[in-house]
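Chain by chain, the residues:
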Amino acid sequence: VLGAAAPVVLTSRAETALANVLENAGKYSGPDHPVRLSTKLEGDFVVIEVEDEGPGFPGPATAFFESFRRGVEGDGRPPGVGLGLSIAKGFIEAQGGQITAANREDGEGARVRLYLPRAGL
């Protein structure tokens with residue numbers, strides 16, 4: 001991961017998980033709002049953080065790790081079936097990591113963090 005404080009191996013599962021999170025952020029944030037990606041070292045993990053400026057999670061964010069759970073309701077919601085975060089969670093946990101989600105405290109939008117084990121541990 002570029003800019004990470006320590007090396008991390010992005011397996012194809014981790015790449016797919018990150019792609020799902022980024023795709024969701026882009027869908028819900030919209031074309032006129034940035035999606036921010038940052039990395040940092042936290043203990044034995046490299047944390048990849050994705051923040052968007054969309055509507056955030058309606059209700060508890062942890063519920064969106066369930067299959068077929070979608071965000072914005074109604075005809076104006078982005079396309080998809082609600083599997084992105086569920087798949088991301090399974091892939092990250094299979095690699096020995098964790099994934100968390102919450103609404104941003106510093107403004108409108110969502111924050112998803114992927115915790116990936118540092119390489120060579």
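What you are looking at is a predicted structure, and each value in this text was computed from that prediction instead of being measured. Here, residues in each chain are numbered from 1, in the same order as that chain's written sequence. Owing to the predicted nature of the model, reporting of local features is limited to residues with pLDDT of at least 70; listing and counting of side-chain atom pairs is limited to 80 or more, with chain, interface and lining totals taken over all residues. Remark: hydrogens and water are excluded; side-chain values derive from all non-hydrogen atoms of the structure.

Asks: Could you give me a rundown of the pattern of salt bridges, with the residues and numbers involved?
Replies: Pairing is possible between side chains that carry opposite charge, provided their charged atoms lie close to one another. Salt bridge, as used here, is a side-chain nitrogen of Lys or Arg placed within 4 Å of a carboxyl oxygen of Asp or Glu. Considering all chains together, one arrives at 10 salt bridges under this definition. Note that Lys 40 is salt-bridged to Glu 42, the shortest N-O span being 3.4 Å. Between Arg 111 and Glu 49 there is a salt bridge, and its shortest N-O distance comes to 3.6 Å. Of this pair, Arg 111 sits in strand S4 (residues 110-117) while Glu 49 sits in strand S2 (residues 45-51); the two residues are 62 residues apart in sequence, bridging distant segments of the chain. For Glu 49, a relative accessible area of 12% gives the class buried. Shared partners join several salt bridges into a network, and the residues in it are Arg 36, Glu 49, Glu 51, Glu 53, Arg 104, Glu 105, Asp 106, Arg 111 and Arg 113. Put simply, DSSP H or I for four residues or longer makes a helix, DSSP E for two residues or longer makes a strand, and each gets a number counted from the N terminus. The classification of residues rests on relative accessible area computed with a 1.4 Å probe and restricted to protein chains. Under 20% of the type maximum is buried, over 50% is exposed, and intermediate values are partly exposed.

Asks: Tell me about the packing of helix H1 (residues 12-29) against helix H2 (residues 84-94), and please be specific about residues and values.
Replies: Between the N-to-C directions of two axes lies an angle of 0 to 180 degrees, each axis being a line fitted to C-alpha atoms and, for a helix, fitted only over the stretch in contact. Remark: H1 packs on H2, axes separated minimally by 8 Å, with the N-to-C direction vectors making an angle of 150 degrees. One element, H1, and the other, H2, form an angle in the roughly antiparallel class. Like other packed secondary-structure pairs, H1 and H2 cross with a definite hand, here left-handed. Within the contact between the two elements, H1 uses Arg 13, Ala 14, Thr 16, Ala 17, Asn 20, Val 21 and Asn 24 and H2 uses Gly 84, Leu 85, Ile 87, Ala 88, Phe 91, Ile 92 and Ala 94. Note on residue classes: Ala, Val, Leu, Ile, Met, Phe, Trp, Tyr, Cys and Pro are nonpolar, Asp, Glu, Lys and Arg are charged, and everything else, Gly too, is polar. Grouping the amino acids of the contact of H1 with H2 by side-chain chemistry returns 9 nonpolar, 4 polar and 1 charged. When describing relative orientation, an angle under 35 degrees is termed roughly parallel and one over 145 degrees roughly antiparallel, while 65 to 115 degrees is termed roughly perpendicular and anything else oblique. Definitions for this section: a left-handed crossing has its near helix turned counterclockwise from the far helix by less than a right angle. A right-handed crossing has that turn clockwise. By definition in these notes, contact holds between two residues if any of their heavy atoms fall within 4.5 Å.

Asks: Summarise the nonpolar core; cite the residues concerned and give the values.
Replies: Note on soluble globular proteins: their nonpolar side chains tend to be buried together. Think of a nonpolar core as a cluster: buried Ala, Val, Leu, Ile, Met, Phe, Trp, Tyr and Cys residues, connected wherever their side-chain atoms sit within 4.5 Å. Membership of the largest hydrophobic core comes to 17 residues, with the highest contact counts inside it found for Val 21, Phe 57, Ile 92, Ile 99, Val 112 and Leu 114. At the level of secondary structure, the elements contributing two or more residues to this core comprise H1, S2, H2, strand S3 (98-103) and S4. The greatest single-element share of this core, amounting to 5 residues, is contributed by H1. Setting aside its immediate chain neighbours within four residues, Val 112 contacts Val 21, Ile 48, Glu 49, Val 50, Phe 57, Ile 99, Thr 100 and Ala 101.

Asks: Requested: an account of the packing of aromatic side chains, with residues and values cited.
Replies: Between the rings of Phe, Tyr and Trp (Trp by its six-membered ring), a pair exists once the centres lie within 6.5 Å; its type follows the angle of the planes, with under 30 degrees stacked, over 60 edge-to-face, and the other angles tilted. Tallied over the entire structure, the rule returns 1 aromatic pair. With centroids separated by 6.4 Å and ring planes inclined at 85 degrees, the aromatic side chains of Phe 45 and Tyr 115 adopt a geometry described as edge-to-face. With Phe 45 in strand S2 and Tyr 115 in strand S4, this pair connects stretches of sequence that are 70 residues apart.

Asks: Lay out the confidence of the model for the protein with the relevant residues and their values.
Replies: Summarising the model, the protein shows a mean pLDDT of 77, and 70% of its residues fall at 70 or more. Per-element mean pLDDT across the protein ranges from 85 in H2 up to 93 in S2. pLDDT runs from 0 to 100 and stands for how confident the predictor is about each residue.

Asks: Hey, could you go over the pairing of S3 for me, with residue numbers and the actual values?
Replies: Both faces of the sheet carry side chains from a regular strand, because those side chains alternate between them. Whether two strands pair comes down to DSSP finding at least two bridges between them. Bridging between S3 and S4 involves 6 bridges; their strand directions are antiparallel. What sits directly across from Asn 103, in S4, is Ala 110. In this structure, the hairpin formed by S3 and S4 is closed by a connection of 6 residues, where Gly 107 is found at a positive phi of approximately 155 degrees.

Asks: Break down H2 for me, with residues and values.
Replies: Those residues of H2 that fall on the buried side of the exposure criterion are Gly 84, Leu 85, Ser 86, Ala 88 and Ile 92. If you follow the buried residues of H2, they end up packed against H1, S3 and S4. Looking one or two places after H2, you find Gly 96, whose phi comes out positive at around 90 degrees.

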